[in-house]
2 protein chains.
Amino acid sequence: MNFTFELQKTCTVTGARAGLLHTPHGIIETPIFMPVGTQATVKTVSPEELKTLGAQIILSNTYHLYLRPGQELIKKAGGLHKFMNWDRPILTDSGGFQVFSLGDLRTISDEGVLFRSHLDGSKHMFTPEKVMEIETDLGADIIMAFDECSPYPCEYEEAKKAVDRTTAWAKRCKEAHNNSEQALFGIIQGNVFEDLRKKSAREIIDLDFPGYAIGGLSVGESAEIMYEVLDYTTPLMPEDKPRYLMGVGAPENIIEGIARGVDMFDCVLPTRIARNGTVMTSFGKLVVKNAAYKEDFLPLDPECGCYTCKNYSRAYIRHLLKADEIFGLRLTTIHNLHYLMQLSSEIRKAILEDRYPAYISEFYKKRN
Amino acid sequence: MNFTFELQKTCTVTGARAGLLHTPHGIIETPIFMPVGTQATVKTVSPEELKTLGAQIILSNTYHLYLRPGQELIKKAGGLHKFMNWDRPILTDSGGFQVFSLGDLRTISDEGVLFRSHLDGSKHMFTPEKVMEIETDLGADIIMAFDECSPYPCEYEEAKKAVDRTTAWAKRCKEAHNNSEQALFGIIQGNVFEDLRKKSAREIIDLDFPGYAIGGLSVGESAEIMYEVLDYTTPLMPEDKPRYLMGVGAPENIIEGIARGVDMFDCVLPTRIARNGTVMTSFGKLVVKNAAYKEDFLPLDPECGCYTCKNYSRAYIRHLLKADEIFGLRLTTIHNLHYLMQLSSEIRKAILEDRYPAYISEFYKKRN
């Protein structure tokens, strides 16, 4: 198995760590933010642009790819890497979060989840075994176990049931998975209940996966609650395995997640808000679509060195977005991804140089 | 004035010419196809991509830029080149064709055209003087005179009136224009009436412009009629000035236009059909969105060397288009622009080597 995690440095004050994740498609320097390419493309950008931005790994979605174009087609194409022309590592989620988010369109049983496609209403069944089959066909370097993500807010009993199913399904995933070129990560659930998170962590870690994710956060709870969950969950996770906080991408949540020992993050946030005309900057969010920027010839972030900021003004980008021009979406997406890639790499450097607490203070100071 | 046209070679059999057009932002090798950047961006692609594709000059639209973001803003930005980060030549049209296409939303008089914005219904007036002011503010290398484009089909009297107005307006444009860094081209109208085309050509050429366009073609008439008009119009045009056929971009029309002595072309066709999933290939059009290409792992055109064809399959591109992914639009746009850039450059080479007739035969043979 071509998959190992090398812990390089641990912060002496916070829980932050820097490491190297070895995968069949290359080494990932952690902590890392993973851009999301839901439908086998990170919206608006090319693989070459992603590389220039410093993306080391991207995420893609099992639910979406299963429905369209179908995992058989991707398998025939030689796998997801070849299909989409991306030769660096890929992580696929399990579709768990997506099918649970379908609401009335799905029914959960111990066997799995029966659901209707959001595209055409057709009926499908995801079981742990089926999901392993799909993720094997897609061929990502890191694949996620099929889990049950309870909603927020949620009754204790419902959250407990989801934890039990997540453990049972994680076992079935492990038994079904037999591709040594892919690392199967387990997912810890438990909603915002401390004993359930601890129970889930124990049970999942007992199954011995090469990496562990924390699922079911950033689904509506406050940042304080999220940090609290991390505070009592990450200490239970093995030091020598990567820790992945799913669905988190706001800069301050990344900063705080890393301080609590998380190594990997993914989120559609940077690309989605970019397409709505909101960009992340060293001084906080900027809504470039606003009238205030009509005649503003400064770059999005004067401190930023990305392609967008080196070549285009707020006025031009605002014009493109107002005129529904695709190039505007490209420019804001490039900027936001650059922001998070840069943030990850600065944080990693700070951890390696043992000055992460100072970095955090500096980060918050700039925003005030 | 930094604007000269150097005729390098004339085909010994057809009317085809190869030349060099010197402009303040560089030399353009003719014959040339000019990609259209209606709203200060060639839809979906970056300036760097355009350069890689070999684009030597792009066109932008006065009507659209006047309405949004407004020529004052672009002037404040330092002109269109700086605003959109394009340092090669630009040509702006006069907005004539656009305002006439507004139908019920406009009224034509000898003074100019009163029209309502297609964006918000606001009232505006374009006169030759106003258009010169706007085009000066935009700052393109080549700017077009304000003309009246009669519809197709059209009564003789209506077409004649448009020719008279076009001449009167061309005079007023010439008088109003006083920026030596911009070359003002005259436009020949006359619909599909031979005597009107000849009359318009005489009158416009009498005014002595550094270049001449043929307007009002490719508006619904058959290709045969278009070629007929070119057959009797281009021989009247001076040999030592560039000739520009407006709004033409189908490969066969370019081939035939060049054979009739045209040097410059522009059209939204390659970029527009690309976004609808249709690509231009050496063997004709291919609708990559069709189900036939679902599991087709060949490139769009196996003979093509563009970025898209080197890296992506029809199956992947079809998936992106079906899934409404912007990257799909980028890939088809890049391919189509490459096709026309490549076509122009191959044709130019064939003319310089005095084998254009053989090139034409070869072109048609591949499509049969």
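Residues numbered from 1 in each chain as written. Chains lettered and ligands numbered in written order. Predicted model: local features only at pLDDT ≥ 70, side-chain atom pairs only at ≥ 80, totals over all residues. Heavy atoms only, no water.

**Description of the packing of aromatic side chains**
Residue and element names in this part refer to chain A.
- Enumeration according to the criterion identifies 28 aromatic pairs over all chains in this entry.
- Here the aromatic rings of Phe115 and Phe126 are separated by 4.8 Å at their centres, their planes lie at 70°, and the arrangement is edge-to-face. Note that Phe115 is positioned in strand β8 (residues 113-116) and Phe126 in strand β9 (residues 123-126), a separation of 11 residues in sequence.
- Looking at Phe115, the relative accessible area reads 1%, which means it is buried. (Phe/Tyr/Trp six-rings, centres within 6.5 Å; stacked < 30°, edge-to-face > 60°. Helix = DSSP H or I, 4+ residues; strand = E, 2+ residues; numbered from the N terminus. Buried < 20%, exposed > 50% of the residue type's maximum accessible area, 1.4 Å probe, protein only.)

**Side note on the interface of chain B and chain A**
- If you look at the interface, chain B gives 36 residues, while chain A gives 36 residues.
- Interface area, chain B with chain A, both sides summed: about 3200 Å², of which 55% is carbon and sulfur.
- Linking chain B with chain A are six salt bridges, by the criterion used here.
- Lys76(A) is paired through a salt bridge with Glu295(B); the nearest N and O atoms lie 2.6 Å apart.
- Listed by contribution, the elements that provide at least two residues to the side of chain B that touches chain A are α1 (47-53), α3 (71-76), α4 (80-84), α12 (307-311), α13 (314-322) and α14 (326-352) of chain B.
- Here the side of chain B that touches chain A gets five residues from one element, more than from any other, and that element is α13(B).
- Grouping the constituent residues of the side of chain B that touches chain A by class yields 19 nonpolar, seven polar and 10 charged. (Contact = heavy atoms within 4.5 Å. Buried area = accessible area lost by both parts, 1.4 Å probe. Salt bridge = Lys/Arg side-chain N within 4 Å of Asp/Glu carboxyl O. Nonpolar A, V, L, I, M, F, W, Y, C, P; charged D, E, K, R; others polar.)

**A short note on the nonpolar core**
- Counting 197 residues, the largest nonpolar core has Tyr356(A) and Tyr356(B) as the members making the most contacts within it.
- If sequence neighbours within four positions are ignored, Tyr356(A) has contacts with Cys11(A), Thr14(A), Ala16(A), Ile254(A), Ile255(A), Ile258(A), Ala259(A), Ile347(A), Ala350(A) and Ile351(A). (Core = buried A, V, L, I, M, F, W, Y, C linked by side-chain atoms within 4.5 Å.)

**What about the sheet that holds strand β2 (residues 17-23) of chain A?**
All names here are of chain A.
- The strand order β1-β2-β3 describes an open sheet built from three strands, whose pairing is antiparallel. Only two strands of the sheet have a single partner each, and these edge strands are β1 (4-10) and β3 (26-30). Averaged over all pairs of adjacent strands, the angle between strand axes in this sheet comes to 15°, irrespective of strand direction.
- Contacts from helix α14 (residues 326-352) reach β1, β2 and β3, with the element oriented near 115° to β2. (Pairing = 2+ DSSP bridges. Axes fitted to C-alpha atoms, helices over the stretch in contact; angles between N-to-C directions.)

**Comments concerning helix α9 (residues 223-233) of chain B**
- Of the residues making up α9(B), those classed as buried are Met226(B), Tyr227(B), Val229(B), Leu230(B), Tyr232(B) and Thr233(B).
- Of the surrounding elements, those touching the buried residues of α9(B) are β11 (183-188), α8 (194-206), β12 (212-214), β13 (243-245) and α10 (251-259) of chain B.

**Some points on the pairing of β11(B)**
Residue and element names in this part refer to chain B.
- Burial analysis of β11 places six of its six residues in the buried class, the great majority of the element.
- Side chains Ala183, Phe185 and Ile187 project from β11 onto one buried face, and the interleaved Leu184, Gly186 and Ile188 project onto a second face that is buried too.
- Bridge analysis of strand β10 (residues 142-144) against β11 gives three bridges, and the strand direction is parallel. Bridging from a neighbouring strand, Ile142 pairs with Ala183 of β11.

**Description of the side chain of Glu256(A)**
- Along the chain, the position of Glu256(A) falls in helix α10 (residues 251-259).
- A polar contact is formed between the side chain of Glu256(A) and the side chain of Tyr364(A), at a distance of 2.5 Å. (Polar contact = N/O pair within 3.5 Å; in protein donor to acceptor, adjacent residues only side chain to side chain.)

**Describing the sheet that holds strand β11 (residues 183-188) of chain A**
Residues and elements named next belong to chain A.
- Strand order in the open sheet formed by eight strands is β4-β14-β13-β12-β11-β10-β6-β5, with parallel pairing between adjacent strands. Every interior strand has two partners, whereas the edge strands, β4 (32-34) and β5 (58-60), have only one. Sheet twist, expressed as the mean angle between neighbouring strand axes with direction ignored, is 25°.
- Set on the sheet, helix α6 (residues 128-138) makes contact with β6 (90-92), β10 (142-144) and β11; between it and β10 the angle comes to about 160°.

**Let's talk about the state of the cysteines**
Residues and elements named next belong to chain A.
- One pass over the structure, following the stated rule, counts zero disulfides over all chains.
- In this model Cys149 remains outside any disulfide bridge; the closest cysteine sulfur is found in Cys154, 9.4 Å from its own.
- With a relative accessible area of 11%, Cys149 lands in the buried category.
- Cys267 carries a free sulfur, and the closest cysteine sulfur to it, the one in Cys149, is 13 Å from it. (Disulfide = S-S within 2.5 Å.)

**Looking at helix α6 (residues 128-138) of chain B**
- Looking only at α6(B), the buried set comprises Pro128(B), Val131(B), Met132(B), Ile134(B), Glu135(B), Asp137(B) and Leu138(B).
- Looking one or two places after α6(B), you find Gly139(B), whose phi comes out positive at around 80°.

**Concerning the pairing of strand β15 (residues 278-281) of chain A**
Residues and elements named next belong to chain A.
- Alternating positions in β15 separate into two faces, Thr278 and Met280 on one and Val279 and Thr281 on the other, with burial throughout.
- Examined bridge by bridge, β15 and strand β16 (residues 284-287) share four bridges and lie antiparallel to one another. By the bridge assignment for β16, Val279 is matched with Leu286.

**Remarks on the relation of the copies chain B and chain A**
- In the superposition of chain B on chain A (RMSD 0.0 Å, axial shift 0.0 Å), the rotation amounts to 180°. Such a combination of turn and shift is consistent with a two-fold rotation axis. Considering only C-alpha atoms, the part of chain B nearest the rotation axis is Ile326(B), at 3.8 Å.
- A share of 100% of the interface residues of chain B reappears at the interface of chain A, consistent with the copies meeting face to face through the same patch. (Least-squares fit on C-alpha atoms with pLDDT ≥ 70 in both.)

**Comments concerning the confidence of the model for chain A**
- Averaged over all residues, the pLDDT of chain A is 97; the fraction at 70 or higher stands at 100%.
- Here the prediction assigns the complex a pTM of 0.98, and the interface score ipTM is 0.98. (pLDDT = per-residue confidence, 0-100.)

**Remarks on the pattern of salt bridges**
Residue and element names in this part refer to chain A.
- All told, the structure shown has 52 salt bridges over all chains when counted by the stated rule.
- Taking the shortest distance from any N to any O, the salt bridge between Lys199 and Asp164 comes out at 2.8 Å. Pair noted here: Lys199 is in helix α8 (residues 194-206) and Asp164 is in helix α7 (residues 156-176), with a separation of 35 residues, a long-range link.
- Look at Lys199 and you get buried, because its relative accessible area is 17%.

**As for the packing of α6(A) against α7(A)**
All names here are of chain A.
- Packing of α6 against α7 brings their axes to within 8 Å, and their N-to-C directions diverge by 45°. On the basis of their axis angle, the class for α6 and α7 is oblique. Two packed elements cross with a definite hand, and for α6 against α7 that hand is right-handed. Contacts between α6 and α7 involve Pro128, Glu129 and Met132 on the former and, on the latter, Trp169, Arg172, Cys173 and Ala176.
- For the contact of α6 with α7, the class distribution of residues is five nonpolar, no polar and two charged. (Parallel < 35°, antiparallel > 145°, perpendicular 65-115°, else oblique. Left-handed = near helix turned anticlockwise from the far one by under 90°.)

**Thoughts on unusual backbone geometry**
Residue and element names in this part refer to chain A.
- The omega torsion of the bond from Thr30 to Pro31 falls at 0°, within 30 degrees of zero and hence cis.
- Considering the arrangement of structural elements, one finds Pro31 in the loop between β3 and β4.
- Even without being glycine, Asp354 reaches a positive phi, approximately 55°.
- Position of Asp354 among the secondary structure elements: in the loop between α14 and α15 (356-366).

**Quick notes on the side chain of Arg197(A)**
All names here are of chain A.
- Along the polypeptide, Arg197 turns up in helix α8.
- The side chain of Arg197 sits in the buried core without any salt bridge; Glu221 is the nearest counter-charge, 7.2 Å away.
- A distance of 2.8 Å separates a polar side-chain atom of Arg197 from the backbone oxygen of Gly215.
- If we skip the residues at most four places from it in the chain, Arg197 touches Ile188, Gln189, Gly190, Asn191, Ile214, Gly215, Gly216, Leu217, Val229, Tyr232 and Thr233. (Lys, Arg positive; Asp, Glu negative; His and termini not counted.)

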